[in-house]
2 protein chains.
Amino acid sequence: MLVNLLGNLSERISTKSPSFLLVIGTTDVSLIPGVTIAGATPELTMVTPAADAEYLITGTCKTIKGVPVTPDGIPTPAVLTRASLSFLRVDKLIVNAGARVKPLISFVDLHGEPGRDIRKGGVRKEVGERIIQNAILLAESLSSHDLLMIGESIPAGTTTAAAVLTGLGFDGVQIVSSASPNNPKDLKRTIVNEALARAPSDVRERIFWLSDPVLLAVAGLAIGFKGQVVLAGGTQMTAVAAIIRELAPERLRDVGIMTTRWIVKDSSANILKVSKELDINLSYSDIDLGRSKYNGLRVYERGIVKEGVGAGGALGLAMNSGIGEDQLLQKIERFYSYLINS
Amino acid sequence: MLVNLLGNLSERISTKSPSFLLVIGTTDVSLIPGVTIAGATPELTMVTPAADAEYLITGTCKTIKGVPVTPDGIPTPAVLTRASLSFLRVDKLIVNAGARVKPLISFVDLHGEPGRDIRKGGVRKEVGERIIQNAILLAESLSSHDLLMIGESIPAGTTTAAAVLTGLGFDGVQIVSSASPNNPKDLKRTIVNEALARAPSDVRERIFWLSDPVLLAVAGLAIGFKGQVVLAGGTQMTAVAAIIRELAPERLRDVGIMTTRWIVKDSSANILKVSKELDINLSYSDIDLGRSKYNGLRVYERGIVKEGVGAGGALGLAMNSGIGEDQLLQKIERFYSYLINS
């Protein structure tokens with residue numbers, strides 16, 4: 001079931017023909033030990049976005065054997081996304097905002113570059129402007145669709161999101177979630193404070209300094225698209241919405257966030273409060289993976305992984321198209337079993 | 001008016017939701033003096049595809065001042081394409097099959113490389129396989145649309161097309177047209193014969209040897225797409241169809257060529273005969289640019305430029321959607337006048 005928390009996103013998108021973009025990138029923040037579990041090691045977080053992209057499009061990864069996993073071996077949420085989209089007739093495109101490792105399949109390049117450690121400035125101004133400009137043009141060119149769903153893959157993305165939110169006046173570290181059940185909030189706060197201490201005062205330059213390439217690209221895509229936009233992701237997407245509010249506030253009317261129940265229920269974060277403040281639609285897809293025969297899926301109910309690669313949005317899109325929870329669970333398990341046996 | 005010469009392409013596409021891809025690339029064949037007029041000088045032919053892409057998406061070029069022109073200053077047919085598509089709600093994407101100069105806007109990269117002089121082998125086997133594989137995957141991912149229109153920009157593309165056609169048993173040099181009113185057939189025949197003399201006997205390898213990256217990419221896209229495909233181009237597209245017949249003959253059923261009247265009427269070429277032999281749909285868009293107030297457009301009626309950047313297909317798509325010839329001519333003239341005055 002797709003549940004509306006704020007607004008009526010499920011009704012607004014029910015008759016529309018969607019296109020799904022996965023925006024990938026990296027930030028050197030993910031190399032800081034302890035900040036993210038979106039990769040088996042800090043170094044491997046640099047590969048996760050490329051591998052997620054390859055898995056989403058082809059069903060297997062090319063840059064690594066297997067798929068991206070947490071240090072405990074829990075696989076990427078791309079499994080949920082791919083399973084959900086397999087029921088639908090949806091265009092899928094990979095958009096590279098700036099990833100250290102590039103996918104070995106076709107992707108649209110925004111001519112960005114990998115994000116740097118935000119304590120020394122995340123995205124250079126010139127690069128940030130180019131990412132946004134190219135994203136706007138790209139989304140304009142895809143506006144024959146009346147619905148654009150945008151997912152993301154960028155390890156440590158909640159930390160840069162916390163920094164951007166804080167820089168724009170929100171209580172960033174209180175808002176953002178984590179792929180880990182133990183949200184490393186003290187570490188995030190230290191990084192965010194250090195980044196903020198050196199951030200420029202000009203709002204646009206401050207956003208670039210605190211941001212990663214993916215946040216900028218998703219914001220640009222949402223601004224350029226002529227139609228309804230669904231930001232398919234967790235608390236990171238509230239940072240995107242906050243950027244949009246600075247750059248093109250009139251576009252927020254057509255922007256909603258669609259995430260998972262695991263993000264909404266995360267007591268270490270608060271997506272509802274900030275979404276209310278931003279006055280945007282918020283929905284979540286409600287599926288119970290506790291019923292799964294696989295431990296790697298049951299752990300979602302304990303708050304591991306939670307979201308990513310547009311999983312919540314893809315699930316919601318499938319549910320909104322009449323695909324039942326049992327059908328979805330079966331397909332997710334089939335894809336999961338194929339993974340662990342190959 | 002969109003005229004069906006073979007089959008009923010206009011009826012088959014009339015209810016469908018289209019996506020438009022412009023596939024760009026270069027071949028070093030265009031550096032051979034006299035072979036092409038798709039650029040003011042042989043060196044500038046390397047810039048033409050990137051500049052065409054930029055113009056199509058943004059309305060201005062970034063890699064050069066102005067737009068690509070012939071040595072006589074006649075501008076790119078991208079003006080016709082952009083004017084036609086401006087009436088329609090169509091997704092537009094640039095696909096780079098292998099261009100020496102890359103556009104300064106976003107594009108999908110097939111991870112190919114620029115084509116070499118076909119006398120020494122046009123596309124390396126490994127690169128050709130990668131282009132085709134990535135193109136198939138990309139088109140599969142775009143199959144929420146039920147119509148894919150594919151245009152091309154590659155100077156000297158008719159020469160490589162003649163080589164591929166000849167290598168696959170057709171009378172290639174007799175078939176292909178030219179952007180010039182004086183089709184340099186003797187030069188083309190010399191190049192084709194020299195390329196053929198050294199071409200491998202294995203069919204797949206022979207195709208790569210004689211080809212340019214664009215022909216392979218367009219063939220791969222047509223093979224991978226799940227729906228009706230319109231090859232928007234001139235005689236080059238018959239070489240694409242011939243490649244599809246070798247690699248995935250069952251796909252030819254859903255493939256048609258849509259071109260301009262100037263290609264169909266070209267007495268130095270023969271698109272009708274080869275299309276009959278390939279048993280594919282063939283249509284052309286009939287617009288009279290002789291009525292234009294601009295000489296740079298009237299010259300189309302004297303067989304200069306003729307086709308390119310999907311002009312014939314884009315015109316046909318607009319005509320098929322009820323846009324009248326007067327409306328189209330006005331828009332083309334407006335875009336043209338903006339160009340020559342800026």
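Our structure is the block above this text.
What this report covers is the structure whose coordinates are included nearby. Here the structure is a predicted model, which is why all the values come from computation and not from measurement. (Residues numbered from 1 in each chain as written. Chains lettered and ligands numbered in written order. Predicted model: local features only at pLDDT ≥ 70, side-chain atom pairs only at ≥ 80, totals over all residues. Heavy atoms only, no water.)

## Examining the interface of chain A and chain B
Taken together, the contact pairs 27 residues of chain A with 27 residues of chain B. Across the chain A/chain B interface, buried area totals approximately 2100 Å², and carbon plus sulfur atoms make up 52% of it. Where chain A touches chain B, the interface holds 0 salt bridges. Inspection of the region where chain A meets chain B yields 18 residue pairs in polar contact (both at pLDDT 80 or more). Taken together, the elements giving at least two residues each to the side of chain A that touches chain B come down to α2 (48–58), β3 (91–98), β4 (107–109) and α4 (125–141) of chain A. A total of 4 residues in the side of chain A that touches chain B trace back to one element, the largest contributor, which is α4(A). Of the residues in the side of chain A that touches chain B, the class split is 13 nonpolar, 8 polar and 6 charged. The pairing of β4(A) with strand β4 (residues 107–109) of chain B spans 3 bridges and is antiparallel. Following the sheet pairing, Phe107(A) is matched in β4(B) by Asp109(B). (Contact = heavy atoms within 4.5 Å. Buried area = accessible area lost by both parts, 1.4 Å probe. Salt bridge = Lys/Arg side-chain N within 4 Å of Asp/Glu carboxyl O. Polar contact = N/O pair within 3.5 Å; in protein donor to acceptor, adjacent residues only side chain to side chain. Helix = DSSP H or I, 4+ residues; strand = E, 2+ residues; numbered from the N terminus. Nonpolar A, V, L, I, M, F, W, Y, C, P; charged D, E, K, R; others polar. Pairing = 2+ DSSP bridges.)

## Focus on the packing of aromatic side chains
Counted under the stated rule, the structure contains 4 aromatic pairs over all chains. Both rings, one in Trp262(A) and one in Tyr300(A), keep their centres 5.0 Å apart while their planes meet at 55°; by these two values the pair is tilted. Residue Trp262(A) is found in helix α11 (residues 261–264), and its partner Tyr300(A) is found in the loop between α13 (295–298) and α14 (311–320); the two are separated by 38 residues along the sequence. With respect to burial, Trp262(A) and Tyr300(A) carry one shared label: buried. The ring of Tyr55(B) has Arg82(B) sitting right over it, with the charged end atom 6.0 Å from the ring centre. (Phe/Tyr/Trp six-rings, centres within 6.5 Å; stacked < 30°, edge-to-face > 60°. Buried < 20%, exposed > 50% of the residue type's maximum accessible area, 1.4 Å probe, protein only. Lys NZ or Arg CZ within 6 Å of the ring centre and 35° of its normal.)

## Focus: the environment of Ala197(B)
Residue and element names in this part refer to chain B. Position of Ala 197 relative to the elements: it lies in helix α7 (residues 185–197). Residue classification places Ala 197 among the exposed positions, given a relative accessible area of 67%. The spacing of Ala 197 and Arg 119 is 78 residues in sequence and 8.5 Å in space, taken between C-alpha atoms.

## A few points about the pairing of strand β5 (residues 147–153) of chain A
Residues and elements named next belong to chain A. In terms of burial, β5 is largely enclosed, as 7 of its 7 residues are buried. Neither face of β5 is open: one carries Leu 147, Met 149, Gly 151 and Ser 153, the other Leu 148, Ile 150 and Glu 152, and all of them are buried. With 7 bridges connecting them, strand β2 (residues 18–25) and β5 associate as parallel partners. Residue pairing for β5: Pro 18 is matched across the bridge by Leu 147. With 4 bridges connecting them, β5 and strand β6 (residues 228–232) associate as parallel partners. Counted as the bridge partner of Leu 148 is Val 229 from β6.

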